[in-house]
Amino acid sequence: MQREQLSIPKIVLYILFALLIYVLQTTLFGTWSIRGYHLDLLPALVAAAALLDGPVEGVIIGITVGLFYDLGFIGVDGLYPLFFLIFGFIAGEMSRLTLSGSYVSMVLMTAFEMIVLGLLRYFAYLLPQAGASFGLVLRQIIGGTLLACLFCFIIYWPMQKISRKFANR
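These notes cover the structure that comes with them.

The rules behind each value
- Residues numbered from 1 in each chain as written.
- Predicted model: local features only at pLDDT ≥ 70, side-chain atom pairs only at ≥ 80, totals over all residues.
- Heavy atoms only, no water.
- Helix = DSSP H or I, 4+ residues; strand = E, 2+ residues; numbered from the N terminus.
- Rg over C-alpha atoms; globule rule 2.2 N^0.38 Å.
- Buried < 20%, exposed > 50% of the residue type's maximum accessible area, 1.4 Å probe, protein only.
- Phe/Tyr/Trp six-rings, centres within 6.5 Å; stacked < 30°, edge-to-face > 60°.
- Core = buried A, V, L, I, M, F, W, Y, C linked by side-chain atoms within 4.5 Å.
- Salt bridge = Lys/Arg side-chain N within 4 Å of Asp/Glu carboxyl O.
- Patch = residues over 30% accessible without salt bridge, like charges linked within 9 Å, V, L, I, M, F, W, Y side chains within 5 Å.
- Areas by Shrake-Rupley, 256 points an atom, 1.4 Å probe, with all protein chains shown as cover.
- Expected span 1.5 Å × (residues − 1).

### Observations regarding the overall build of the chain
In step 1: A count of helices and strands for the chain gives 8 helices and 0 strands.
In step 2: Secondary structure elements in the chain, listed N-terminal to C-terminal, are α-α-α-α-α-α-α-α.
In step 3: Over its C-alpha trace the chain gives a radius of gyration of 16 Å, about what one expects of a compact globule, namely 15 Å for 169 residues.
In step 4: Its C-alpha atoms give the chain principal-axis dimensions of about 50 × 30 × 30 Å.
In step 5: Taken over 169 residues, the chain has a buried fraction of 44%.

### Considering the packing of aromatic side chains
In step 1: Across all of its chains, the model carries 13 aromatic pairs by this definition.
In step 2: Between Tyr 103 and Tyr 156, the aromatic rings sit 5.4 Å apart at their centres with planes inclined by 65 degrees, giving edge-to-face as the arrangement. Note that Tyr 103 is positioned in helix α6 (residues 103–130) and Tyr 156 in helix α8 (residues 153–165), a separation of 53 residues in sequence.
In step 3: Overall, the relative accessible area of 27% leaves Tyr 103 in the partly exposed class.
In step 4: A residue is classified by how much of its surface remains accessible, and Tyr 156, at 5% relative accessible area, is buried.

### Digging into the nonpolar core
In step 1: Leu 45, Val 65, Phe 84, Ile 155 and Met 159 are the most contacted members of the largest nonpolar core, which has 41 residues in total.
In step 2: For this core, the secondary-structure elements that each account for two or more residues are α1 (8–26), α3 (42–53), α4 (55–71), α5 (79–97), α6, α7 (134–150) and α8.
In step 3: At 10 residues, α3 tops the list of elements feeding residues into this core.

### What about unusual backbone geometry?
In step 1: If you check the backbone angles, Arg 35 has positive phi at about 55 degrees while not being a glycine.
In step 2: The topology assignment puts Arg 35 in the loop between α2 (28–31) and α3.
In step 3: Overall, the relative accessible area of 78% leaves Arg 35 in the exposed class.

### Things to note about the pattern of salt bridges
In step 1: If you walk through the whole model with that rule in mind, you get 4 salt bridges.
In step 2: A salt bridge links Arg 121 to Asp 40, with the shortest nitrogen-to-oxygen separation between them at 3.7 Å. Here Asp 40 lies in the loop between α2 and α3 and Arg 121 lies in helix α6, a separation of 81 residues in the sequence.
In step 3: Two residues, Arg 96 and Glu 93, come together in a salt bridge whose shortest N-O distance is 4.0 Å. Residue Arg 96 and its partner Glu 93 are both found in helix α5; the two are separated by 3 residues, about one turn of the helix.
In step 4: A relative accessible area of 44% means that Arg 96 is categorised as partly exposed.
In step 5: Judged by its relative accessible area of 27%, Glu 93 is partly exposed.

### So, a nonpolar patch on the surface
In step 1: Nonpolar side chains collect at one region of the surface, where Leu 6, Ile 8, Val 12, Leu 13, Leu 16, Leu 19, Val 23 and Val 56 lie side by side and expose about 640 Å² of accessible area between them.
In step 2: Among the elements that take part in the nonpolar patch, α1 stands out by supplying 6 residues, more than any other.
In step 3: Along the polypeptide, Leu 16 turns up in helix α1.

### Overview of α3
In step 1: Its 12 residues place the ends of α3 17 Å apart at the C-alpha level, agreeing with the 16 Å of an ideal helix rising 1.5 Å per residue.
In step 2: Taking burial as the measure, the 12 residues of α3 include 12 buried ones, the bulk of the element.
In step 3: Here α3 has its buried residues at Leu 42, Pro 43, Ala 44, Leu 45, Val 46, Ala 47, Ala 48, Ala 49, Ala 50, Leu 51, Leu 52 and Asp 53.
In step 4: Where α3 ends, the next residue or the one after it, Gly 54, has phi of about 115 degrees, a positive value.

Functional significance is not addressed by these values, which are geometric in nature.
This is the structure in structure tokens:
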């Protein structure tokens, strides 16, 4: 079994792109509301990195995205880096076994990731703190997931270009 080479410049570009999306997320996208749903593209970064390049990149970007969530004081500290680390690893392994690095695969993985993340938020944070209605939360999860899936191309195409640029090195 041949060991895969980790491209540091590619990882740096992924992290810089994640930082750009985080800044847009907390400023421009954070003020948008489409029919009551807010656009969250950070989870798509993890799915794209994992599907395009494998579990190592998925884990690194997963930790990065999780730390960005923690920097934004969203939810339970440490929960997001752990969730995205695990998701990045599993999605990266699945990309090697069953899924291709295609756009459709990334949209499906992002949808799955966002639904699991929404349920995790509900059971770990919203239910104990506020006793939020499950029906209302489920509606927000589904609406937010559909909105993110509509705009996944904003993440996929730049990350695909970065991945391809370093594929033959």
